[in-house]
Every structure is written in structure tokens, then in C-alpha cells.
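Architecture and fold: a report
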Amino acid sequence: MNEQLVLMARELQDLHLKELELMEPLFDDIVIYISYNSKQGIRWKIVNDVPEAAITEVATQCDKLGYVRWKTATLNAFNRD
């Protein structure tokens, strides 16, 4: 399953989000987590601070692919034990 996620992430980056490289201002990095949800669907979330235009473009492309937004209470949901 992890290999499948890697392939999906590469496809998302190289094909579907290629337009982000041309958006002004040019962005450094957009970090997107993807995972399977409990129903074996793909969920996604952006985990770094990016402009609204980038969030909109990622959401549009992920919606087209049938991915669902990963719902968490905070942007960066890391365990800090």
C-alpha cells in the first residue's frame, strides 16, 4: 500500500500540480500528506503555511482525483511527546 501512495504522490506532483510551479509568487515547497482513510479512499492535507491560491489549486486537483480533505483540528497535527 505504501508503494501505491508513493506512486500517487509522484503523479499528483508531476502531473496534476505542475501549474503550481508557474504561479506567482513562485512557491518554495508545498507539503501535502496523503494517506488512506478507513474506507480505503485517499485523503490529503497541506501541512505547511502556503498562500490561499496554492490551497485552492491543490483542493481543485485533489477533488478531480476523488481524494477527500483530511480533517484535523490543526494544520500541523504532530504528536509531541
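As a starting point, this report considers the structure included with it. (Residues numbered from 1 in each chain as written. Predicted model: local features only at pLDDT ≥ 70, side-chain atom pairs only at ≥ 80, totals over all residues. Heavy atoms only, no water.)

**Here's the deal with the nonpolar core**
- Counting residues in each nonpolar core, the largest one holds 16 residues, and the members touching the most others are Ile 42, Trp 44 and Val 58.
- Within the residue set of this core, elements represented by two or more residues are helix H1 (2-16), strand E1 (32-36), strand E2 (42-46) and helix H2 (52-65).
- The element that contributes the greatest number of residues to this core is H2, accounting for four residues. (Core = buried A, V, L, I, M, F, W, Y, C linked by side-chain atoms within 4.5 Å. Buried < 20%, exposed > 50% of the residue type's maximum accessible area, 1.4 Å probe, protein only. Helix = DSSP H or I, 4+ residues; strand = E, 2+ residues; numbered from the N terminus.)

**Considering the environment of Met 23**
- With respect to the element layout, Met 23 can be found in the loop between H1 and E1.
- Judged by its relative accessible area of 22%, Met 23 falls in the partly exposed class.
- In this structure, Met 23 is in contact with Ala 53 and Glu 57, ignoring residues within four places of it in sequence. (Contact = heavy atoms within 4.5 Å.)

**Observations concerning H2**
- When the terminal C-alpha atoms of H2 are compared, their 20 Å separation across 14 residues agrees well with the 20 Å that a helix rising 1.5 Å per residue should span.
- All of the buried residues along H2 are Ala 54, Glu 57, Val 58, Ala 59, Gln 61 and Cys 62.
- A positive backbone phi angle near 85 degrees is found at Gly 66, which sits one or two residues after H2. (Expected span 1.5 Å × (residues − 1).)

**Focus: the sheet that holds strand E3 (residues 68-69)**
- Pairing within the open sheet is mixed, and its three strands lie in the order E1-E2-E3. The open sheet is flanked by E1 and E3, the only strands paired with a single partner.
- In the packing of H1 onto the sheet, the strands contacted are E1 and E2, and the crossing angle to E1 comes to about 140 degrees.
- Along the sheet, H2 makes contact with E1, E2 and E3, crossing E2 at roughly 175 degrees. (Pairing = 2+ DSSP bridges. Axes fitted to C-alpha atoms, helices over the stretch in contact; angles between N-to-C directions.)

**Let's talk about H1**
- If you check H1, its first and last C-alpha atoms are 20 Å apart, about what 15 residues at 1.5 Å a residue would give, namely 21 Å.
- Close packing links the buried residues of H1 with E1, E2 and H2.

**Comments concerning the pairing of E1**
- Sheet analysis places E1 next to E2, joined by five bridges and oriented antiparallel. Counted as the bridge partner of Ile 32 is Ile 46 from E2.

These figures capture arrangement, not role.
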